[in-house]
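For reference, the chains in residue letters:
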Amino acid sequence: FVNLESPLTDRGEPANKDFVFRGPPAGAQGLLGAGIDVVTMANNHVLDYGLTGLRDTWAHLAAARVLQTGSGENEAAARSAVVLERNGLRIAFLGYVNTPPDSVSGFVVEDTKATADRPGVAWLSPQAIAEDVAKAKGQADLVVVAFQAGVEYTETPIALQVESAHAAIDAGASVVFGHHPHVLQGIETYKGGVIIYSLGNLVFDFDFVDYLYPGLPNALTGMLRVELSKDGVVGCEFVPMIVSEADGRPRPVTGAEAVPVLDRMRRLSDGSCGLN
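Residues numbered from 1 in each chain as written. Predicted model: local features only at pLDDT ≥ 70, side-chain atom pairs only at ≥ 80, totals over all residues. Heavy atoms only, no water.

A. The arrangement of the pattern of salt bridges in detail. Per the stated rule, a full pass over the model turns up 14 salt bridges. As a salt-bridge pair, D37 and R86 come within 3.2 Å of each other at their nearest N and O atoms. Highlighted residues: D37 in the loop between α1 (27–33) and β2 (38–40) and R86 in strand β5 (residues 82–86), separated in sequence by 49 residues. A salt bridge links R249 to D247; the nearest nitrogen and oxygen atoms lie 4.0 Å apart. Of the residues examined, R249 reaches a relative accessible area of 56% and is grouped as exposed. Taking the relative accessible area as the measure of exposure, D247 reaches 42% and is therefore partly exposed. If you follow the salt bridges from partner to partner, you end up with E75, R79, E131 and D132 in one network. (Salt bridge = Lys/Arg side-chain N within 4 Å of Asp/Glu carboxyl O. Helix = DSSP H or I, 4+ residues; strand = E, 2+ residues; numbered from the N terminus. Buried < 20%, exposed > 50% of the residue type's maximum accessible area, 1.4 Å probe, protein only.)

Structure representation (structure tokens):
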């Protein structure tokens, strides 16, 4: 389950934004080949090429048999869970976004949220998460929630992240996966659930902004492996990784290479997922 922060399209017109992303339609098959089953599209870039790009992405993902959550033809669809069955477990996935306007262009991300009669993304609030998780629990054994929120390049989650994550677990979710800060934030166990406030970058090209931060902290990343049963989380492991400056790809690291990643996560986390 990953955050797909780019439309997959060769059509549409670019939005007037600080950064505009687009990936090739073949990227959907790349996701499938990487073993990805579900993506969240609730982020501040999936409408970078408008509704054309959004609908193209849906079509390419569907053709590759990759499920998506967090976007839809209307608010009800965007806030609906997608359910995947594995090993006798039915797992529901939900995705949301709540990020501020762009600092230079002033592009308002909230304007991309789905409404009753407009396609778009699911907008994050603790109330929306609580409502949707409770509904998803009626469809599945377990619920996993992803959301894009927080302040870029900071290691401490803001109140919206904490309140939303806790609301998800309180409503019955087992795992909360955060993204947007571009750097790792900590792991917290809360009422039997696991929250990672930011899993950092996955496949990511660095630019001049990234190099403003000494040590390139957004190259430090990882994968969260969670073991689930019908009773919820029964185990978890944080797998340290580093994103290559050469090609933007992540790779697992061990030994001395893993030290800066693990040191950061131990400092920011509560000791769960093997980080003690």
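After presenting the structure, the write-up continues.
B. Representation of the sheet that holds strand β13 (residues 232–243) in the model. Read across the open sheet, the 3 strands follow the order β12-β13-β14; overall the sheet is antiparallel. In this open sheet, the two edge strands, each paired with only one partner strand, are β12 (220–229) and β14 (250–252). Adjacent strand axes in the sheet meet at a mean angle of 40°, parallel and antiparallel pairs treated alike. When β12 meets β13, the two strands line up antiparallel, connected through 10 bridges. Each residue of the ladder has a partner; that of R225, found in β13, is E237. Packed on one face of the sheet, helix α6 (residues 255–268) meets β12, β13 and β14 and runs near 130° to β13. (Pairing = 2+ DSSP bridges. Axes fitted to C-alpha atoms, helices over the stretch in contact; angles between N-to-C directions. Contact = heavy atoms within 4.5 Å.)

C. The arrangement of the packing of helix α4 (residues 126–137) against helix α5 (residues 159–170) in detail. It is at 8 Å that the axes of α4 and α5 come closest, and there the two elements cross at 20°. Considering the angle they form, α4 stands roughly parallel to α5. Our pair here, α4 against α5, has a crossing hand that is right-handed. For the pair α4 and α5, contact is made by P126, I129, A130 and V133 and by L160, E163, S164, A167 and A168, respectively. (Parallel < 35°, antiparallel > 145°, perpendicular 65-115°, else oblique. Left-handed = near helix turned anticlockwise from the far one by under 90°.)

D. Region of interest: the state of the cysteines. Applying the stated criterion across every chain yields a total of 1 disulfide. The partner cysteine of C236 in its disulfide is C273, sulfur to sulfur 2.0 Å. Residues C236 and C273 are joined through a disulfide that is left-handed, its torsion about the S-S bond being -105°. Placement of the pair is C236 in strand β13 and C273 in the segment after α6, with a sequence separation of 37 residues. The class of C236 is partly exposed, set by a relative accessible area of 24%. Given a relative accessible area of 6%, C273 falls into the buried group. (Disulfide = S-S within 2.5 Å.)

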